Amino acid sequence: SPQRSATGKAMIFGGPMMGWHSPSIAAEVHLKAPGLDVSGLCFPGLPGIQIGYNRRIAWTTTSGGMNQTDFYAL
């Protein structure tokens, strides 16, 4: 909410939990054309920017691959 941030603007925090890969599974992209100015991440084989922002909105994911490990402290 803009009222709760120090800048007076809304903020988005996302955690796609993609892990560390080499080479990276995502690429940074900035698309600019008449009526279009968007930046973010794209993934091979998927159209568009899946995690990104423009002048009006931002979007993200909250999870990526499956979490197949559980830790327990005994």
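Residues numbered from 1 in each chain as written. Predicted model: local features only at pLDDT ≥ 70, side-chain atom pairs only at ≥ 80, totals over all residues. Heavy atoms only, no water.

A. Main features of the overall build of the protein chain. Each helix and strand in the protein chain was counted, giving zero helices and four strands. Walking the protein chain from its N terminus toward its C terminus, one meets helices and strands in the order β-β-β-β. Out of the 74 residues belonging to the protein chain, those deemed buried represent 15%. (Helix = DSSP H or I, 4+ residues; strand = E, 2+ residues; numbered from the N terminus. Buried < 20%, exposed > 50% of the residue type's maximum accessible area, 1.4 Å probe, protein only.)

B. Region of the structure containing the side chain of Ser-39. Within the element layout of this structure, Ser-39 appears in strand β2 (residues 36–42). Apart from the residues within four sequence positions on either side, Ser-39 is in contact with Val-29, His-30, Ile-49, Ile-51, Gly-52 and Tyr-53. (Contact = heavy atoms within 4.5 Å.)

C. Structural view of the pairing of β2. Relative to β2, strand β1 (residues 27–33) runs antiparallel, the two sharing seven bridges. Along β2, the bridge assignment pairs Ala-33 with Leu-36. If you look at the hairpin formed by β1 and β2, you'll find two residues sitting between the two strands, and Gly-35 has a positive phi there, around 80 degrees. Note that β2 and strand β3 (residues 51–53) share three bridges and pair antiparallel. Bridge pairing in β3 links Gly-40 to Gly-52. (Pairing = 2+ DSSP bridges.)

D. Structural context of the sheet that holds strand β4 (residues 58–59). One open sheet holds the four strands; their spatial order is β1-β2-β3-β4, and the pairing between them is antiparallel. The open sheet has two free edges, formed respectively by β1 and β4, since each of these has just one partner strand.

E. Structural detail: the environment of Ile-25. Mapped onto the elements, Ile-25 comes out in the segment before β1. Classification of Ile-25 as partly exposed rests on a relative accessible area of 37%. Considering only alpha carbons, one finds Ile-25 and Pro-44, 19 residues apart in sequence, at a separation of 7.4 Å. Ile-25 has contacts with Met-18, Cys-42, Phe-43 and Pro-44, leaving out every residue within four places of it along the chain.

F. Fine view of the environment of Pro-16. For Pro-16, the location among the structural elements is in the segment before β1. Note on Pro-16: relative accessible area 19%, which makes it buried.

G. Representation of the environment of Ser-5 within the structure. With respect to the helices and strands, Ser-5 occurs in the segment before β1. Taking relative accessible area as the criterion, Ser-5 reaches 13% and is therefore assigned buried. Among the polar contacts listed, one links the side chain of Ser-5 to the backbone nitrogen of Gly-8, at a separation of 3.1 Å. At 2.6 Å, the side chain of Ser-5 forms a polar contact with the backbone oxygen of Lys-9. (Polar contact = N/O pair within 3.5 Å; in protein donor to acceptor, adjacent residues only side chain to side chain.)

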